[in-house]
Amino acid sequence: MPIRIDLTFSEYAAKCGYIGQQLAEFPDEVLNRLDEIYDDVDLVEHPNDHPDNVYGNIYQHSTREVLEYEFGIKNPTDEDFEEYSHDEIVSRLEYEYTYLGYDDDEDIYYYM
């Protein structure tokens, strides 16, 4: 019979191998969102939800990369950065993906 230990997803990730530990270093906003998404997940029944696998499915892109990859703007200019606000970028990512959060200090959007 398996044992059950009550941990949040991010707490469990911090105790995993190297990849899971990297996930546990994400900003609090992202970790809180992951905790919401994976609340009460059974990793025996859903092994793809293991933090090592989840980490591999999370995009980490700067504003420039989001404009290039998600908006199709090659080599964004200053005008492009002014045209697309943070709110517009978040709306697009929420529509197309599961938006996890933004690290303002590092200019990184997290989504999967």
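Rules used in this analysis
Residues numbered from 1 in each chain as written. Predicted model: local features only at pLDDT ≥ 70, side-chain atom pairs only at ≥ 80, totals over all residues. Heavy atoms only, no water. Buried < 20%, exposed > 50% of the residue type's maximum accessible area, 1.4 Å probe, protein only. Helix = DSSP H or I, 4+ residues; strand = E, 2+ residues; numbered from the N terminus. Pairing = 2+ DSSP bridges. Core = buried A, V, L, I, M, F, W, Y, C linked by side-chain atoms within 4.5 Å.

Asks: Looking at this structure, I do not really get the pairing of strand S2 (residues 99-103). What am I missing?
Replies: Consecutive residues of a regular strand have side chains that alternate between opposite faces of the sheet. Judged by how many residues are buried, S2 sits mostly within the fold: five of five residues are covered. The turn linking S2 back onto strand S3 (residues 108-111) is made up of four residues, and Asp-107 within it adopts a positive phi angle of 55 degrees.

Asks: Could you clarify how one ought to interpret the pairing of S3 in this entry?
Replies: Burial along S3 is two-sided: Ile-108 and Tyr-110 facing one way and Tyr-109 and Tyr-111 facing the other are all buried. Direction of pairing for S2 relative to S3: antiparallel, over a ladder of four bridges. Each bridged residue has a counterpart across the sheet, and for Gly-101 the counterpart in S3 is Tyr-110.

Asks: Where do I start with the nonpolar core in this structure?
Replies: The tendency in soluble globular proteins is for nonpolar side chains to be buried side by side. In terms of nonpolar packing, the biggest core is built from 14 residues, with Leu-23, Phe-26, Leu-34, Val-54 and Ile-58 touching the most fellow members. Listed by contribution, the elements that provide at least two residues to this core are helix H1 (9-15), helix H3 (28-37) and S3. By size, the runner-up hydrophobic cluster in this structure holds twelve residues, among which are Phe-71, Tyr-84, Ile-89 and Leu-93.

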